[in-house]
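Close look at the chain arrangement
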Amino acid sequence: MLEVRGGNPLDGTVRVRGAKNLVPKAMVASLLGETPSVLRGVPQIRDVEIVTGLLELHGVRVASGPDGDQTDGELHLDPADVASGSIVDIDAHAGSSRIPILFCGPLLHSLGQAFIPDLGGCHIGDRPINFHLDVLRKFGAEVDKTPGGIMLKAHSRLQGTKVELPYPSVGATEQVLLTAVRAEGVTELRGAAIEPEIMDLIALLQKMGAIITVDTDRVVRIEGVDSLRGFIHRALPDRNETASWASAALATGGDIFVEGASQPELITFLNVFRKIGGEFDVQETGIRFRHPGGKLRSFALETDVHPGFMTDWQQPLVVAMTQAEGLSIIHETVYENRFGFTDALRDMGAQIQLYRECLGGTPCRFGRRNYQHSAVISGPTDLKGTRIDVPDLRGGFSHLIAALAAQGTSEVHGIELINRGYENFLDKLIGLGAEVSA
Ligand SMILES: CC(=O)N[C@H]1[C@@H](OP(=O)(O)OP(=O)(O)OC[C@H]2O[C@@H](n3ccc(=O)[nH]c3=O)[C@H](O)[C@@H]2O)O[C@H](CO)[C@@H](O)[C@@H]1O
Ligand SMILES: C=C(OP(=O)(O)O)C(=O)O
């Protein structure tokens with residue numbers, strides 16, 4: 001439990017390192033190499049710990065670089081002794097993260113079999129894995145669902161195939177990439193996701209010797225090769241953590257320099273940030289975000305796949321939007337159930353109404369299906385401290401920002417969920433002047 005005394009602007013500098021949505025996947029990719037890999041910019045977050053544990057269970061030696069992992073976050077990954085882990089030990093990771101599903105392709109190539117525990121991740125919708133399993137079957141894998149997870153077998157080398165994703169899923173695109181690079185023959189993927197973290201994964205796989213072409217219209221072609229070598233790679237910075245700190249600056253009337261933030265992956269976010277009334281300054285070593293004083297402006301937006309407005313930015317920004325003048329509208333088109341965190345904001349005094357209709361120009365998969373996936377926020381409203389139970393990663397960070405923007409004291413329970421994607425967030429908050437005590 002964290003006690004948060006709100007009402008003061010957050011002011012100062014925080015540093016972001018490698019992206020939560022790339023680093024654990026890059027670690028999985030090291031399984032594909034015949035020589036060791038070096039990954040830099042690795043943050044100390046729970047998802048990295050989970051994947052480290054899973055890799056070690058499969059015989060990969062994982063060690064920090066010469067400076068520990070303090071400055072450069074360097075990780076050495078040596079897959080020389082890859083072996084099947086014990087199902088009981090692997091199963092202990094059930095429900096921990098979404099990354100285990102990406103072990104399928106690399107383990108099938110190395111060992112001909114894989115056991116994948118049930119996935120975890122944020123509870124923001126059903127999050128099925130049907131695309132992943134369909135794709136793996138197309139490559140020739142035998143897939144059996146068991147009570148504790150999924151058992152996969154490859155009786156011979158996996159074969160390149162043609163895949164068309166019904167929706168540009170990030171994870172399913174990564175599944176195809178990590179499987180196709182060592183399959184026999186060519187794989188053509190249509191309907192691919194093209195998020196910056198996927199492009200960074202492709203860059204890393206290319207360093208390993210993979211042959212991957214990204215064509216127009218979400219088409220990716222992969223020519224399978226017989227073997228790959230290890231990589232040396234610096235992970236792209238975490239654009240989602242950056243957007244979270246930017247929203248924290250706006251919500252609390254503060255001024256935060258995010259060291260390590262990179263502009264190109266944030267163009268869409270920066271446009272919205274400016275339109276709402278926030279100011280930013282892109283510098284050589286990062287981006288400064290600040291509330292310039294005066295009133296914030298309401299705004300209507302729809303979340304979407306890249307290059308649209310990233311769904312993971314939505315939750316922290318909603319907190320800032322409770323401070324904007326007039327009606328703001330958010331249509332969530334990626335997840336059917338990502339507004340649960342607004343209950344706590346309403347308890348704090350925010351005026352947020354949820355709707356089942358698509359409140360935006362883009363008809364989405366959730367229209368007429370009884371999901372509350374649009375929100376109307378009426379502001380500005382004063383927020384007051386309350387007791388909050390953290391529901392998930394971004395929702396939890398958003399609740400912290402709300403507690404810091406609120407008058408009075410809040411009790412925030414379950415903050416350990418936030419560690420899954422925000423490195424040292426408590427120290428960072430304290431460094432920004434937040435009054436928090438555990
Ligand atoms: C670890 C990681 O990188 N997580 C990110 C990744 O999640 P993740 O890779 O899980 O998200 P996806 O892009 O796969 O999911 C998008 C949508 O597709 C649906 N879907 C997905 C797979 C499938 O087999 N069947 C299916 O129906 C999902 O339920 C969801 O509605 O991309 C999301 C969308 O940018 C981000 O919010 C997450 O932060
Ligand atoms: C939804 C998220 O993550 P995950 O896919 O790991 O649950 C997120 O980072 O906001």
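Residues numbered from 1 in each chain as written. Chains lettered and ligands numbered in written order. Predicted model: local features only at pLDDT ≥ 70, side-chain atom pairs only at ≥ 80, totals over all residues. Heavy atoms only, no water.

1. Topic: the packing of aromatic side chains
Counting across every chain of the model gives eight aromatic pairs. Taking the centre distance of 5.1 Å and the plane angle of 85° together, the rings of Phe309 and Trp313 count as edge-to-face. Comparing Phe309 with Trp313, the two get one shared label, buried. One aromatic cluster is present, built from ring pairs that chain together Phe269, Phe273, Phe289, Phe309 and Trp313. Between Arg365 and the ring centre of Tyr167, over which it is positioned, the NZ or CZ distance is 3.6 Å. (Phe/Tyr/Trp six-rings, centres within 6.5 Å; stacked < 30°, edge-to-face > 60°. Buried < 20%, exposed > 50% of the residue type's maximum accessible area, 1.4 Å probe, protein only. Lys NZ or Arg CZ within 6 Å of the ring centre and 35° of its normal.)

2. Some remarks on the domain arrangement of the protein chain
When the domains of the protein chain are assigned, the result is domain 1 (2-16 + 237-437) and domain 2 (23-234). Computed from C-alpha coordinates alone, the two centres of domain 1 and domain 2 are separated by 30 Å. At the interface, 19 residues of domain 1 touch 22 residues of domain 2. Here domain 1 and domain 2 share an interface that buries about 1900 Å² over both sides, 51% of which is from carbon and sulfur atoms. At the surface where domain 1 touches domain 2, the tally comes to two salt bridges. Arg239 is the salt-bridge partner of Glu197, the closest N and O atoms lying 2.7 Å from each other. Where domain 1 meets domain 2, there are nine residue pairs in polar contact (both at pLDDT 80 or more). (Domains from an automatic or database assignment. Contact = heavy atoms within 4.5 Å. Buried area = accessible area lost by both parts, 1.4 Å probe. Salt bridge = Lys/Arg side-chain N within 4 Å of Asp/Glu carboxyl O. Polar contact = N/O pair within 3.5 Å; in protein donor to acceptor, adjacent residues only side chain to side chain.)

3. Some points on the site of ligand 2
Taken together, Lys20, Arg98, Gly121, Cys122, Ile124, Arg127, Asp312, Arg338, Leu393, Arg394 and Arg420 are the residues near ligand 2. Between ligand 2 and Cys122 there is a distance of 2.8 Å, counted from an oxygen atom to a backbone nitrogen or oxygen. Take Arg127: an N or O atom from its side chain is 2.7 Å from an oxygen atom of ligand 2. In the complex, 92% of the free accessible area of ligand 2, which totals 290 Å², lies under the protein chains. In this structure, ligand 2 is accommodated by the largest pocket. Of the residues that make up the shell around ligand 2, three or more belong to each of domain 1 (2-16 + 237-437) and domain 2 (23-234). (Near = heavy atom within 4 Å. Areas by Shrake-Rupley, 256 points an atom, 1.4 Å probe, with all protein chains shown as cover. 1 Å grid on protein atoms, 1.4 Å probe; cavity = no way out; pocket = protein on both sides within 12 Å on 5 of 7 lines; lining within 4 Å. Sits in = over half its atoms within 2 Å of the grid points.)

4. A closer look at the layout of surface pockets
Taken as a whole, the largest pocket spans an internal volume of roughly 1000 Å³. In terms of lining, the largest pocket is formed by 43 residues, of which the most central are Arg98, Arg127, Ser169, Val170 and Tyr335. If you list the elements that add at least two residues to the lining of the largest pocket, you get α5 (130-138), α6 (170-180), α10 (311-321) and α12 (393-405). Class assignment for the residues of the lining of the largest pocket results in 18 nonpolar, seven polar and 18 charged. Taken domain by domain, the makeup of the lining of the largest pocket includes at least three residues from each of domain 1 (2-16 + 237-437) and domain 2 (23-234). The volume enclosed by the second largest pocket comes to roughly 250 Å³. Taken together, 15 residues line the second largest pocket, and the ones lying closest to its centre are Gly95, Ser96, Gly121, Leu417 and Arg420. Both domains that furnish three or more residues to the lining of the second largest pocket are identified here as domain 1 (2-16 + 237-437) and domain 2 (23-234). (Points joined across faces, edges and corners; volume = space filled by probe spheres on them. Helix = DSSP H or I, 4+ residues; strand = E, 2+ residues; numbered from the N terminus. Nonpolar A, V, L, I, M, F, W, Y, C, P; charged D, E, K, R; others polar.)

5. Focus on the site of ligand 1
Taken together, 22 residues sit near ligand 1, with Lys25, Ser169, Val170, Asp312 and Val334 positioned nearest. In the model, an oxygen atom of ligand 1 is placed 2.4 Å from a nitrogen or oxygen of the Lys25 side chain. Note that an oxygen atom of ligand 1 is positioned 2.7 Å from one of the backbone N or O atoms of Val170. Using a 2 Å cut-off from the grid points, one finds that ligand 1 occupies the largest pocket.

6. Points about the packing of helix α9 (residues 267-276) against α10
Between α9 and α10, whose axes approach to 12 Å, the crossing angle comes to 5°. By the angle class used here, α9 and α10 are roughly parallel. Note on element contacts: α10 touches α9 through Trp313, Leu317 and Met321, opposite Thr268, Phe269, Val272 and Ile276. A class-by-class count of the residues in the contact of α9 with α10 yields six nonpolar, one polar and no charged. (Axes fitted to C-alpha atoms, helices over the stretch in contact; angles between N-to-C directions. Parallel < 35°, antiparallel > 145°, perpendicular 65-115°, else oblique.)

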